[in-house]
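# Commentary on secondary and tertiary structure
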Amino acid sequence: MNENVMLPKETTKVLMDLTGEARMDIALTVVIRDYAKHKLGEVESQITQFEEKYRMSFDAYKKIWDTEDNEKHYTQESESDYLEWEALATRCKRMTNAN
């Protein structure tokens with residue numbers, strides 16, 4: 001798929017200055033790749049916080065969540081953590097597969 005994108009001259013200049021690339025298409029690719037790496041790092045950091053809090057991976061936590069009927073699962077914090085952690089794990093997998 002080859003689509004042309006028109007960017008304002010100021011944006012093109014900033015991209016090229018920021019990356020040191022002479023071609024705008026390469027500069028844009030570099031910036032997007034760097035941004036994706038940065039965001040992946042943020043997502044992985046948030047996942048690590050949940051792993052430390054619950055002392056297990058999301059997959060292990062999900063297995064317990066799905067198979068055990070535990071009152072702790074029904075607290076607002078537990079449900080909120082589960083949903084956020086699940087979203088982060090899904091996003092991480094998608095971002096990793098996109099590279």
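Look up a bit, the structure's there.
All values reported here derive from a predicted model rather than from experimental measurement.

All right, on to helix H3 (residues 58-67) then. Residues spaced three or four apart along an α-helix face the same direction, because each turn holds 3.6 residues. Within H3, the full set of buried residues consists of Phe58, Tyr61 and Trp65. All buried residues of H3 fall inside an arc of 65° around its axis, so they share one side. In H3, the exposed residues that point more than 90 degrees away from the buried face are Asp59, Lys63 and Thr67. Of the surrounding secondary structure, the elements contacted by the buried residues of H3 are helix H2 (24-54) and helix H4 (76-98).

Here the focus is the side chain of Ser78. Inspection of the secondary structure assignment puts Ser78 in helix H4. Accessibility expressed as a relative area gives 10% for Ser78, which makes it buried. A distance of 2.9 Å separates the side chain of Ser78 from the side chain of Thr75, its partner in a polar contact.

Let us look at the packing of aromatic side chains. Taken as a whole, this structure holds nine aromatic pairs when the rule is applied. Pairing Tyr54 with Tyr61 gives two aromatic rings, centres 4.7 Å apart and planes at 50°, and the pair type is tilted. Considered together, Tyr54 and Tyr61 belong to a single accessibility category, that of buried residues. Centroid distance Tyr54 to Trp85: 5.6 Å. Interplanar angle 25°. Geometry classified as stacked. Of this pair, Tyr54 sits in helix H2 while Trp85 is found in helix H4, placing the two residues 31 residues apart along the sequence. Exposure class is identical for Tyr54 and Trp85. Each is buried. Joined through ring pairs, the aromatic side chains of Phe50, Tyr54, Phe58, Tyr61, Trp65, Tyr82 and Trp85 make up one cluster.

A full pass over the atoms with the stated rule returns six salt bridges. A salt bridge links Lys39 to Glu42; its shortest N-O distance comes to 2.8 Å. With Lys39 and Glu42 both in helix H2, this residue pair falls three residues apart, about one helical turn. Glu42 gets classed as partly exposed once you look at its relative accessible area, which sits at 34%. A salt bridge links Lys62 to Asp66; the shortest N-O distance between them is 2.7 Å. Here Lys62 pairs with Asp66, and both are found in helix H3, just four residues apart, close to one helical turn. What makes Lys62 partly exposed here is its relative accessible area of 29%.

Definitions and limits used
- Residues numbered from 1 in each chain as written.
- Predicted model: local features only at pLDDT ≥ 70, side-chain atom pairs only at ≥ 80, totals over all residues.
- Heavy atoms only, no water.
- Buried < 20%, exposed > 50% of the residue type's maximum accessible area, 1.4 Å probe, protein only.
- Helix = DSSP H or I, 4+ residues; strand = E, 2+ residues; numbered from the N terminus.
- Arc of directions from axis to C-beta.
- Contact = heavy atoms within 4.5 Å.
- Polar contact = N/O pair within 3.5 Å; in protein donor to acceptor, adjacent residues only side chain to side chain.
- Phe/Tyr/Trp six-rings, centres within 6.5 Å; stacked < 30°, edge-to-face > 60°.
- Salt bridge = Lys/Arg side-chain N within 4 Å of Asp/Glu carboxyl O.

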